Protein chains: 2
Amino acid sequence: MFRGLSAFPLTPTTEEGIDERAFGALVSRLAAAGVDSIGALGSTGGYAYLTREQRARVARLAVEAADGVPVMVGIGALRTSQVLAVAEDAQKAGVSAVLLAPMTYQSLTDDEVFGLYESVTRELSVPLCVYDNPRTTHVHFTDELHGRIAELPNVAAVKIPPVPDDRAAARQRVAALRAQLPDTVSVGVSGDWAAATGLNAGCDAWYSVAGGLFPATALALTRAAQAGDAAGATAHSERLEPLWELIRQYGGLRVMSAAASHLGLATEPNLPLPLRGLPSDARRRLVTVLEHLALGTSA
Amino acid sequence: MFRGLSAFPLTPTTEEGIDERAFGALVSRLAAAGVDSIGALGSTGGYAYLTREQRARVARLAVEAADGVPVMVGIGALRTSQVLAVAEDAQKAGVSAVLLAPMTYQSLTDDEVFGLYESVTRELSVPLCVYDNPRTTHVHFTDELHGRIAELPNVAAVKIPPVPDDRAAARQRVAALRAQLPDTVSVGVSGDWAAATGLNAGCDAWYSVAGGLFPATALALTRAAQAGDAAGATAHSERLEPLWELIRQYGGLRVMSAAASHLGLATEPNLPLPLRGLPSDARRRLVTVLEHLALGTSA
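None of the values given here were measured: they were computed from a predicted structure.

(A) Structural detail: the relation of the copies chain B and chain A. Taken as rigid bodies, chain B and chain A are interconverted by a rotation of 180° and an axial shift of 0.0 Å, the fit giving an RMSD of 0.0 Å. Here the symmetry operator amounts to a two-fold rotation axis. Residues of chain B ranked by C-alpha distance from the rotation axis are headed by histidine 138 of chain B, positioned 4.2 Å from it. Interface overlap between copies is the fraction of interface residues in one copy that are interface residues in the other; for chain B against chain A it reaches 100%, indicating a shared surface.

(B) Quick peek at helix α4 (residues 110-121) of chain B. The end-to-end C-alpha separation of α4 of chain B is 16 Å, in line with the 16 Å expected for 12 residues at 1.5 Å each. Among the 12 residues of α4 of chain B, 9 are classified as buried, and the element is accordingly described as predominantly covered. Where α4 of chain B is concerned, the buried positions are Glu112, Val113, Phe114, Gly115, Leu116, Tyr117, Ser119, Val120 and Thr121 of chain B. Elements that come into contact with the buried residues of α4 of chain B comprise α12 (252-262) of chain A together with α3 (80-92), β6 (97-100), β7 (128-131), α6 (143-150) and β8 (155-160) of chain B.

(C) The packing of aromatic side chains, seen in detail. Here the structure, examined in full by the defined rule, presents 7 aromatic pairs over all chains. Between the aromatic rings of tyrosine 47 of chain A and tyrosine 105 of chain B, the centroid separation amounts to 5.2 Å while the plane-to-plane angle is 70°, which identifies the pairing as edge-to-face. Of this pair, tyrosine 47 of chain A sits in the loop between β4 (37-40) and α2 (52-66) while tyrosine 105 of chain B sits in the loop between β6 and α4, which puts the two residues in different chains. Both residues of the pair, tyrosine 47 of chain A and tyrosine 105 of chain B, count as buried. Positioned above the aromatic ring of phenylalanine 114 of chain A, the side-chain terminus of arginine 148 of chain A is 4.2 Å from the ring centre. Directly above the ring of phenylalanine 8 of chain B sits lysine 159 of chain B, whose terminal nitrogen or CZ lies 5.7 Å from the centroid.

(D) How the structure looks around the interface of chain B and chain A. Taken together, the contact between chain B and chain A spans 36 residues of the former and 36 residues of the latter. Summing both sides of the interface, chain B and chain A together bury roughly 3200 Å²; the carbon and sulfur share of this comes to 50%. Linking chain B with chain A are 4 salt bridges, by the criterion used here. Ionic pairing is found between arginine 79 of chain B and glutamate 15 of chain A, a salt bridge with its closest N-O pair at 3.6 Å.

(E) View of the side chain of arginine 79 of chain B. Structurally, arginine 79 of chain B is set in the loop between β5 (71-74) and α3. Taking relative accessible area as the criterion, arginine 79 of chain B reaches 5% and is therefore assigned buried. Other than its neighbours up to four places away in sequence, arginine 79 of chain B contacts Thr13, Thr14, Glu15, Tyr49, Leu50, Gln54, Pro272, Leu273 and Pro274 of chain A.

(F) Region of interest: the sheet that holds strand β1 (residues 4-7) of chain A. All names here are of chain A. Pairing within the closed barrel is parallel, and its 8 strands lie in the order β1-β4-β5-β6-β7-β8-β9-β10. For this sheet, the mean angle separating the axes of adjacent strands, direction not counted, is 25°. Bridge count between strand β9 (residues 186-189) and strand β10 (residues 205-208): 2 bridges; the pairing is parallel. The residue of β10 that forms the bridge with valine 189 is tryptophan 206. The strands that α2 touches are β4 and β5 (71-74); relative to β5, the one it contacts most, it runs at about 165°.

(G) Layout of the environment of glycine 251 of chain B. All names here are of chain B. Relative to the assigned elements, glycine 251 resides in the loop between α11 (241-250) and α12 (252-262). With 47 residues separating them along the chain, glycine 251 and aspartate 204 place their C-alpha atoms 24 Å apart. Leaving out residues up to four positions away in the same chain, glycine 251 has contacts with Arg135 and Leu246.

(H) Structural view of the layout of surface pockets. In this structure, the largest pocket spans a volume of roughly 890 Å³. Around the largest pocket, the lining comprises 37 residues; the ones closest to its centre are Gln82 of chain A together with Leu50, Thr51, Arg52 and Gln82 of chain B. Elements supplying a minimum of two residues to the lining of the largest pocket: α2 and α3 (80-92) of chain A together with α2 (52-66) and α3 of chain B. When grouped by side-chain class, the residues that make up the lining of the largest pocket number 18 nonpolar, 10 polar and 9 charged.

(I) Seen up close, the pairing of β10 of chain A. All names here are of chain A. Taking every second residue as pointing to the same face, both faces of β10 are buried, with Ala205 and Tyr207 on one and Trp206 and Ser208 on the other. Summarising the sheet, β1 and β10 pair through 4 bridges and their orientation is parallel. Each residue of the ladder has a partner; that of glycine 4, found in β10, is alanine 205. Since β9 and β10 lie parallel, the crossover through helix α8 (residues 195-200) that links them has a hand, and here it is right-handed.

Here is what the cut-offs are and how they apply
Residues numbered from 1 in each chain as written. Chains lettered and ligands numbered in written order. Predicted model: local features only at pLDDT ≥ 70, side-chain atom pairs only at ≥ 80, totals over all residues. Heavy atoms only, no water. Least-squares fit on C-alpha atoms with pLDDT ≥ 70 in both. Contact = heavy atoms within 4.5 Å. Helix = DSSP H or I, 4+ residues; strand = E, 2+ residues; numbered from the N terminus. Expected span 1.5 Å × (residues − 1). Buried < 20%, exposed > 50% of the residue type's maximum accessible area, 1.4 Å probe, protein only. Phe/Tyr/Trp six-rings, centres within 6.5 Å; stacked < 30°, edge-to-face > 60°. Lys NZ or Arg CZ within 6 Å of the ring centre and 35° of its normal. Buried area = accessible area lost by both parts, 1.4 Å probe. Salt bridge = Lys/Arg side-chain N within 4 Å of Asp/Glu carboxyl O. Pairing = 2+ DSSP bridges. Axes fitted to C-alpha atoms, helices over the stretch in contact; angles between N-to-C directions. 1 Å grid on protein atoms, 1.4 Å probe; cavity = no way out; pocket = protein on both sides within 12 Å on 5 of 7 lines; lining within 4 Å. Points joined across faces, edges and corners; volume = space filled by probe spheres on them. Nonpolar A, V, L, I, M, F, W, Y, C, P; charged D, E, K, R; others polar. Right-handed = clockwise from strand over helix to strand, strands pointing away.

In short, geometric facts, not functional conclusions.
Here is the structure:
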């Protein structure tokens, strides 16, 4: 489950609700491309902006459209009680795993973060991936905290933020974290521009935003790294640098939103207000990049 | 409305719901003490953790218990549509003003923040206070953005984060912001330790966490500053430094939660999980500070 390419699709959303047809088609497309797992309702899937009912519905649609490919869904919320409710719905929907980021309004202490994972893991019957995403949660996990959480039942994976660009520093980063974790816990990288470096540094998985829309491209990079072809994985990543640059500058969500629209896979707007799409100059850059890299034409 | 002391009470909350009796008593106590306004459902009032129904109910209880003292309520939420719904409920409850912080999960651009205020102010029939709280929202307002928002209809006030400790720097901070705002827009300070400096530097209001539990003490400081007795306001603040130190270290919410419990004004736990109260060593320090400063005995 926590190996290889985990592709994170958008959940096209308007003020009227979720575009279920478009979402189902995005998930089916990923399953057909052969991704290893699907991460529905991740940050790119807009979990933080949806109601409990919408999240339960999207989890069911994802499992259905994934056609046997394992589905993981995000269960984060500001309150522990909300997380527990969403987790129950997700399990009823038949997901294979859950992904939990400690959302915050008031900042959380390490003991409060640990307490959240303790309460939630106790109630699970599927494995949990710890979602370490300081950019959206503003929680800064120490390796010691990762170690404490990884001892809890059902914790099977950690999704980490981008590793350093430098290869040696990336290896050191992954090794330092692994030293705090049981051997059974998978370590996966996010931040698409850091994927090749992360996989080459020994990460087990890539939790990929771009993979949610360009699965063939993301699979080529992943399979190269998995085969031990570090140079090949790096070459794939370097070719994609113009896309990574846009993602770093505007956020993966806005870039994927505009890209899905350009490719006819979602209508616009498809993000929940107050989020808006890419500004028009960035949109023009994106279209040039997609055409230049031939992204989307064969996924 | 946006002058003098605005006191922000806790909303005592458990996993079972809101302690309505305790909340009503906290608000009545503030009204009886003669605060200028009451800021219910602020960050200290836990607005971010409550459902729409709970927030509507708390707004009604606040207006009722305030007995004619103007009530402002927080209407922030992650989605514009949720903010609009909560604002409508608040106005039906009879509030005198609303307070809006741009909550975030994905970070927002300046245009997205502006768009949120534009959509919301259009629908209001009461004045709005812009809630600039980078510690919880991670939105960093520029003065230029404040200026753009202040031109919108119904924007009557800005609640700013702590001013610098240095008096000249504080005056400069307030003057720089005022230069971007229409004269009719009030500027108020938050961060209790910065209140005396902020009021002395020309802020119109103090949005006070400690004032939500110790209104007489907060009023003494406010009235001194309003009477032009800068040294007196500073002396009040310096006396309270041991309390400000705890608030800076643990956050106003956790400190007020423990203080309310110590004073018999709320039972514990009274914060929504995953938030937990003060650690026991900090709690012992707080009790010493409350007793030493004779805080709470006569409010």
